[in-house]
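An overview of the molecular structure
Spelled out, the chains give:
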Amino acid sequence: MTAKHRIGQGILNFIFVLLCVAAVAPFLLLLSSSLTEEATLLREGYNFFPSKFSLESYAYLMGSASKITKGYGITVFVTLVGTVCGMLMTFLFAYPLSRRELPHRTFFSFFVFFTMLFNGGLVPTYMMWTQTFHIRNTLWALIIPGLLMNGFNIIMMRSFFNSSIPNELVEAARIDGAGEYRVLFQVVLPLSKPMIATIGLMIGLRYWNDWTNSLYYITDENLYSIQAILNTIISNVQFLSSGQAIGSAYSAANLPSVGIRMAIAVIGIIPILCIYPFFQKYFVKGIVVGGVKG
Amino acid sequence: MAKTAVKPSKKKGMKGTSRTSLALISMMVPGIIYLIINNYIPMAGLVVAFKQFDYAKGIWGSGWAGFGNFTYLFKTRDAFNIVRNTLLYNIVFIILGNILAITVAIMLNFLKGQMNKKVYQTLILIPYLISMVVVSYIVYGFLSMDSGFVNKLITAFGGTAVSWYTQAKYWPVILTIVHLWSGFGYSSIVYYATVIGIDSSLYEAASIDGANVWKQIWHITLPGLRITIITLVLMAMGRMFYSDFGLFYQVPMRSGLLSSATDTIDVFVYKALTQLNDVGRSSAAGLLQSVLGFIMVLSANLIVSKVDSDSALF
Amino acid sequence: MKIRKFLAIALAGAMTLSLAACGGSGSAGSAGSGSGNAGGGSESAAGAGESTAEVENVVVAIPTFFDVKDAQMVADAINAISAEKYGVTVTLEFIALGNWAQQTNLLLTSDEVDVLAFYQTPLTTFIKNNQALPLENYVANASDEFKAVWSDAELQGTSMNGHIYSIPNLRNFGNIRGLDIDENIAAEFGIENGQHMTMDEVSDFLYAAHEKYPDRYAIVPQAGSSMVSGWTWDGLGDGKFIGVLEDCGQDLTVKNLFDTDDFRDFCSYTRKWYQDGLTMADALSNTEDGKNLIRAGKAVCCLENYAVDTAEGCIRTIIIDPWAVSNSYAELSYGINTNSSKPDAAWKALEMFYIDKDICELLTNGIEGTHYTVNEDGTTTFTESDGYQMAAIAWVLPYSGYAHPMAANGPTYFEDLIEFNNSCAKSKGLGFAFDSTSVANQYTACCNVMDKYYTAIMSGTVDLESTIEQANAEFEAAGLADIIAAKQEQLDAFLAAQ
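These numbers come from a predicted model, not from an experiment.

What counts, and at which threshold
- Residues numbered from 1 in each chain as written.
- Chains lettered and ligands numbered in written order.
- Predicted model: local features only at pLDDT ≥ 70, side-chain atom pairs only at ≥ 80, totals over all residues.
- Heavy atoms only, no water.
- 1 Å grid on protein atoms, 1.4 Å probe; cavity = no way out; pocket = protein on both sides within 12 Å on 5 of 7 lines; lining within 4 Å.
- Points joined across faces, edges and corners; volume = space filled by probe spheres on them.
- Nonpolar A, V, L, I, M, F, W, Y, C, P; charged D, E, K, R; others polar.
- Contact = heavy atoms within 4.5 Å.
- Buried area = accessible area lost by both parts, 1.4 Å probe.
- Salt bridge = Lys/Arg side-chain N within 4 Å of Asp/Glu carboxyl O.
- Polar contact = N/O pair within 3.5 Å; in protein donor to acceptor, adjacent residues only side chain to side chain.
- Helix = DSSP H or I, 4+ residues; strand = E, 2+ residues; numbered from the N terminus.
- Disulfide = S-S within 2.5 Å.
- Buried < 20%, exposed > 50% of the residue type's maximum accessible area, 1.4 Å probe, protein only.
- Core = buried A, V, L, I, M, F, W, Y, C linked by side-chain atoms within 4.5 Å.
- Domains from an automatic or database assignment.
- Pairing = 2+ DSSP bridges.
- Right-handed = clockwise from strand over helix to strand, strands pointing away.
- Axes fitted to C-alpha atoms, helices over the stretch in contact; angles between N-to-C directions.
- Parallel < 35°, antiparallel > 145°, perpendicular 65-115°, else oblique.
- Lys, Arg positive; Asp, Glu negative; His and termini not counted.
- Phe/Tyr/Trp six-rings, centres within 6.5 Å; stacked < 30°, edge-to-face > 60°.
- Lys NZ or Arg CZ within 6 Å of the ring centre and 35° of its normal.
- Patch = residues over 30% accessible without salt bridge, like charges linked within 9 Å, V, L, I, M, F, W, Y side chains within 5 Å.
- Areas by Shrake-Rupley, 256 points an atom, 1.4 Å probe, with all protein chains shown as cover.
- Expected span 1.5 Å × (residues − 1).
- pLDDT = per-residue confidence, 0-100.

1. Regarding empty space enclosed by the protein
The full count for this structure, using the stated rule, is 14 cavities of 30 Å³ or more. Estimated volume of the second largest cavity: approximately 200 Å³. A:Leu41, A:Leu42, A:Gly45, B:Tyr140 and C:Lys298 are, among the 18 residues lining the second largest cavity, the residues nearest its centre. Of the residues that constitute the lining of the second largest cavity, the class distribution is eight nonpolar, six polar and four charged.

This is the structure in structure tokens:
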């Protein structure tokens, strides 16, 4: 029995090593190409081991350090503020949805679910945020539109409350005379750590990786996040290589090379890889998927 | 059914309840305001799908176009093609993606040891973090005609190099692999979260009864995952007419020859309208996608609720 | 039963909200149109505006490839002059070319930008969407210096139905098509800069170079997957080339590009090159610039369109003499947003970019001493600061003609450029731009077919005859004939009116 078990574990571990290799190998390719000398990269293509090692891509990024560091600063700030606000709003919205005392509970559930299926499209949303709220070229533009709250997170959090917060506990607290807000913050919140960590990570990831809000609302490059910088470089390259550029007077030599694009991609991913393991144990406990009406 | 049971107690504590509901609703106020501003008011802008959008006149001042903005979607020979592509890819992605994720989640559950579990969980999430544009470069690194790994491998075994970016027939497979690769880690962890929530005493009881691993999976794990699976699949069905733009537009490196296999509704609309800047037409496509997706969810949910009302989404 | 109730409530809720929104945004929308009308009607006030003391600020959007860190510094320097002299100040917004189409299109929904370049999307589209403010009244009342910059005939290039919608910027209006060759290899083969070559000579050279340098691609695309941008066909204001004039725009019959001799001739060469392994195998998925590949030692040469400028590390030869396509003037031009709340001030800003030498110098080169120094021969050299390098892509700016040229371009660069524009051959359809509104559905469908086949056939990656046959069948189904007919009709009407 134990021998059989051990073989089974061996096979499982082997499969997972394969899966991990499949998942990581392309990332290593990315890393290695960011460490390869430019001309070599153009001549030989991508290799898992740089045939001619060079730190020039990273040196270039250090050279435009103020831009990259500023981009990092923006990304970190926006991620932190956005995640905290988004968390709080999601938390405050999802909890009442999980309570039977909430009047028109079904209506509110659908109110959320509807937003997952329909959206007004880019232009109306853009007009809303820029003409009524004037958030263009402000940090708010990176935080507020689209990312703060989404239906999936609300429904997931609500399902967590339904399944993991014993109703008796809430009832007991209320009999002791605690108001709804006290119940929420003193009883429910401490029990919701896994949920908070999970939804927090999900919201945080979206903020960290977002470049669309920059594309729509930001033209001031002082407000570019890391992902926006990367995306702008890549879209410039794509525009040039589409052959649409008129005249010939552009100097493509000034555009960051493939190696640099890869290097920016790498430095955009590394922080997440460092943070994720700390969230992991909560992550798994926090994910609860359930229906809309709950 | 549950409602009737609750009702009497509700009436008894009417006073307390109204204060409670007020407090509860007050919590939701920020979220409600946000959803109204960010989602519902712009939804009114969908009316632009029926308008000949004039920038000087705005959404409301522009003249009506009736269904004129929709016709271009059906005028082409490609109309059938793009709808077929979108639906087929989504169906394949939903089926294979879920099978793969559930398999990985179950394997993860059977795995012993904390450290290796943690490492595996971290590593398989990496693809999820890489943006599609960067993925497209990586894919190119594998598939490029003369410096790509796949061709190096093929020629090393004596085959002839394949020109991947000019032959559409390979791309349904390539795109499926790329999609599964980039998403499997994340969805595995979502399923794994449910799997570990299943009461472990059920397994113990089963193994005492002599049920082998396969039987345990079949009779305990999969039923335990039922609601999660149905919920995720139903939600995915709402997005049935959408596609991951990055995957279908960037990863094929915009090679026109591949378009019969890689054009989905989103890509087609994007390509068709970059020259025309036509807000009305792109809204029309978006509206159609949403409405069709909505119908899909409703009907799928109806079927589910007929068969197994507990698992239905709503 | 339950579901129906939920849905009824949800839908009712959504409707109520939408209706509420109708009210709210509705008034915003009509306010927008009001300002648009005001813009059209207040043109007579243009002259009177100068006497009012109030200085208005105008937002100007300019495309760029670079980070323009010192945009504010340059704008301040411009404002120091313009506030007093023209009664306007400017805010310069530099927008990355890759984001340009998306961002300007959004900006044009409101009055957040006043003056901007119409670029990347055909000018006819901007006009059709009512995004560009008609300028003819402003032009009529403009200063003499302004009128001296562009002739009436040239302004025809940015006009439609009797309205002038934008002002062309200074760049090369025509292009030479030629071959950029690695300078060392060219020297070995005795090919000189500026030499004429026929396609047969190009072909012979490629085979010879391939033999001598088997490790290099003999030829690579000009950029990305595009073998060369344009050739001898004129899309009549349509960058997708759906219905073209052959022979550098000298033949006035609109034809299907794939049926023209010009196209088939060109592609018969590239097809042969590809089959014989001269062309980069990955031509269709390439993302590099051809000249980068030449400089990296991966390629020998690439086709190129150019005017009076040079390419580092390469010599340039001539295959097709310089000629200008129909919409040369409209490809990049500056105009005013219809939603601008201060069109008069916007016009003043626009006008000064074309007439004020100091402002042009600032906008092109930045601040002397900080961003550049002037050499003895009157050319400029960048300083260490990389805060403002727009001079390297002066072709996107409104008018750089008065500025000092960069050293790399030579002391007479702008004179040469203007001379080049005047002397190059012109398509007979010059000034004409096709309006696809009447055949929009067919046009959308044909664009899709063109995207599918154009770069592939041009690069020689696919078999010529069978692919063209396949493409033409798809074109026919997509309604190409309607587009060609509409194009011919519009072109004939345009020529008749000349």
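2. Here we look at the interface of chain C and chain B
At the junction of the two partners, chain C supplies 51 residues and chain B supplies 45 residues. Between chain C and chain B, the buried area comes to about 4300 Å², and carbon and sulfur atoms account for 58% of it. For chain C, the biggest contributors to the area lost against chain B are C:Asn441, C:Asn448 and C:Lys452; these three give 13% of the whole. The tally of links from chain C across to chain B stands at zero salt bridges. The interface formed by chain C and chain B holds twelve residue pairs in polar contact (both at pLDDT 80 or more) in total. Sorting the residues of the side of chain C that touches chain B by element identifies α1 (2-41), α5 (123-128), α16 (440-459) and α17 (464-478) of chain C as the ones contributing at least two each. It is α1(C) that provides the largest number of residues to the side of chain C that touches chain B, a total of 13 residues. Along the lines of polarity and charge, the residues of the side of chain C that touches chain B split into 20 nonpolar, 24 polar and seven charged.

3. Some points on the state of the cysteines
A covalent bond between the sulfur atoms of two cysteines is referred to as a disulfide. Residue and element names in this part refer to chain C. Here the structure, examined in full by the defined rule, presents zero disulfides over all chains. The thiol of Cys-447 is not disulfide-bonded; the next cysteine sulfur, from Cys-446, is found 7.5 Å away. Among the residues examined, Cys-447 registers a relative accessible area of 1% and is labelled buried.

4. Observations regarding the interface of chain B and chain A
With 83 residues of chain B at the contact, the number on the chain A side is 87 residues. Contact between chain B and chain A buries roughly 8000 Å² in total, counting both sides, with carbon and sulfur atoms accounting for 76%. The interface formed by chain B and chain A holds 16 residue pairs in polar contact (both at pLDDT 80 or more) in total. For the side of chain B that touches chain A, the element with the most residues is helix α2 (residues 14-44) of chain B, which contributes 21 residues.

5. Description of the nonpolar core
A:Phe93, C:Ile62, C:Leu92, C:Ile167, C:Trp347 and C:Tyr354 are the most contacted members of the largest nonpolar core, which has 256 residues in total. The element that contributes the greatest number of residues to this core is helix α14 (residues 258-286) of chain A, accounting for 14 residues.

6. Thoughts on the domain arrangement of chain C
All names here are of chain C. Structurally, chain C comprises domain 1 (51-171 + 325-435) and domain 2 (175-324). Considering only the side of domain 1, the residues that lose the most area to domain 2 are Val-325, Phe-420 and Lys-428, jointly responsible for 36% of the buried surface there. At the surface where domain 1 touches domain 2, the tally comes to zero salt bridges. The interface formed by domain 1 and domain 2 holds nine residue pairs in polar contact (both at pLDDT 80 or more) in total. Elements represented by at least two residues in the side of domain 1 that touches domain 2 include exactly α15 (413-423) and β15 (425-426).

7. A look at the pairing of strand β2 (residues 88-96) of chain C
Residue and element names in this part refer to chain C. Most of β2 sits inside the fold, with eight of its nine residues counted as buried. The sheet contact formed by strand β1 (residues 56-64) and β2 spans nine bridges and is parallel. Residue pairing for β2: Glu-56 is matched across the bridge by Val-88. Read as a crossover between parallel neighbours, the route from β1 over helix α3 (residues 71-86) to β2 is right-handed.

8. Brief notes about the packing of helix α13 (residues 226-241) of chain A against helix α4 (residues 97-107) of chain C
Where α13(A) contacts α4(C), the axes come no closer than 6 Å and their chain directions differ by 95°. Judged by the angle between their axes, α13(A) and α4(C) are roughly perpendicular. Mapping the contact onto sequence places A:Asn231, A:Thr232, A:Ser235, A:Asn236 and A:Phe239 in α13(A) and C:Leu97, C:Gly98 and C:Asn99 in α4(C).

9. Side note on the side chain of C:Asp70
Among the secondary structure elements, C:Asp70 is positioned in the loop between β1 and α3. Buried and unpaired, C:Asp70 has no salt bridge, with C:Lys69 as the nearest side chain of opposite charge at 7.1 Å.

10. Things to note about the packing of aromatic side chains
Applying the stated rule across the entire model yields 59 aromatic pairs over all chains. Ring geometry for A:Phe48 against B:Phe142: centres 6.5 Å apart, planes inclined by 75°, an arrangement best described as edge-to-face. Taken together, the positions of A:Phe48 in the loop between α2 (38-44) and α3 (56-63) and B:Phe142 in helix α8 (residues 132-143) put the pair across two chains. The exposure class of A:Phe48 is partly exposed, given its relative accessible area of 27%. Between the NZ or CZ atom of C:Arg216 and the centre of the ring of C:Tyr213, over which it lies, the distance is 5.7 Å.

11. Points about the layout of surface pockets
Rolled over the atoms, a probe with the dimensions of a water molecule shows which regions are left empty. The volume enclosed by the second largest pocket comes to roughly 1100 Å³. A:His5, A:Gln9, B:Phe110, B:Val213 and B:Gln216 are the residues nearest the centre of the second largest pocket, which is lined by 29 residues in total. Secondary structure elements with two or more residues in the lining of the second largest pocket: α1 (2-34) of chain A together with α5 (78-110), α11 (200-208) and α12 (213-238) of chain B. In the lining of the second largest pocket, the residues fall into 16 nonpolar, nine polar and four charged.

12. Let's talk about a nonpolar patch on the surface
Taken together, the side chains of B:Leu88, B:Ile91, B:Val92, B:Ile95, B:Leu96 and B:Ile99 define a hydrophobic patch exposed on the protein surface, amounting to about 480 Å² of accessible area. By the element assignment, B:Ile95 lies in helix α5.

13. Points about the domain arrangement of chain A
Interfaces are frequently sized by the accessible area removed from exposure as the parts join. Residue and element names in this part refer to chain A. Along its sequence, chain A is carved into domain 1 (1-54) and domain 2 (64-242 + 251-286). Counting residues at the interface gives eight residues for domain 1 and ten residues for domain 2. Between domain 1 and domain 2 lies a buried interface of about 720 Å² when both sides are counted; carbon and sulfur atoms form 82% of it. Taken together, the connections running from domain 1 to domain 2 amount to zero salt bridges. Applying the counting rule to domain 1 against domain 2 returns zero residue pairs in polar contact (both at pLDDT 80 or more). The element contributing the most residues to the side of domain 1 that touches domain 2 is α1, with five residues. Its residues assigned to classes, the side of domain 1 that touches domain 2 comprises five nonpolar, two polar and one charged.

14. Thoughts on α17(C)
All names here are of chain C. Here α17 contains 15 residues, and its C-alpha end-to-end distance of 21 Å stays within 8% of the 21 Å for a straight helix at 1.5 Å per residue. In the core, the buried residues of α17 are packed alongside α11 (261-275), α16 and α18 (480-497). Where α17 terminates, the next one or two residues include Gly-479, which has phi positive at roughly 90°.

15. Observations regarding unusual backbone geometry
Even without being glycine, A:His134 reaches a positive phi, approximately 50°. Mapping A:His134 onto the fold places it in the loop between α6 (122-132) and α7 (140-143). With a relative accessible area of 56%, A:His134 lands in the exposed category. Of note in the backbone geometry, C:Cys248 takes a positive phi value of approximately 55° without being a glycine. Looking at C:Cys248, the relative accessible area reads 16%, which means it is buried.

16. Things to note about the confidence of the model for chain A
As a general rule, the predicted coordinates of low-pLDDT regions are not to be interpreted in detail. Across chain A, the average pLDDT comes to 84, with 92% of residues at 70 or higher. The least confident element of chain A, judged by mean pLDDT, is α2(A) at 75; the most confident is α7(A) at 94.

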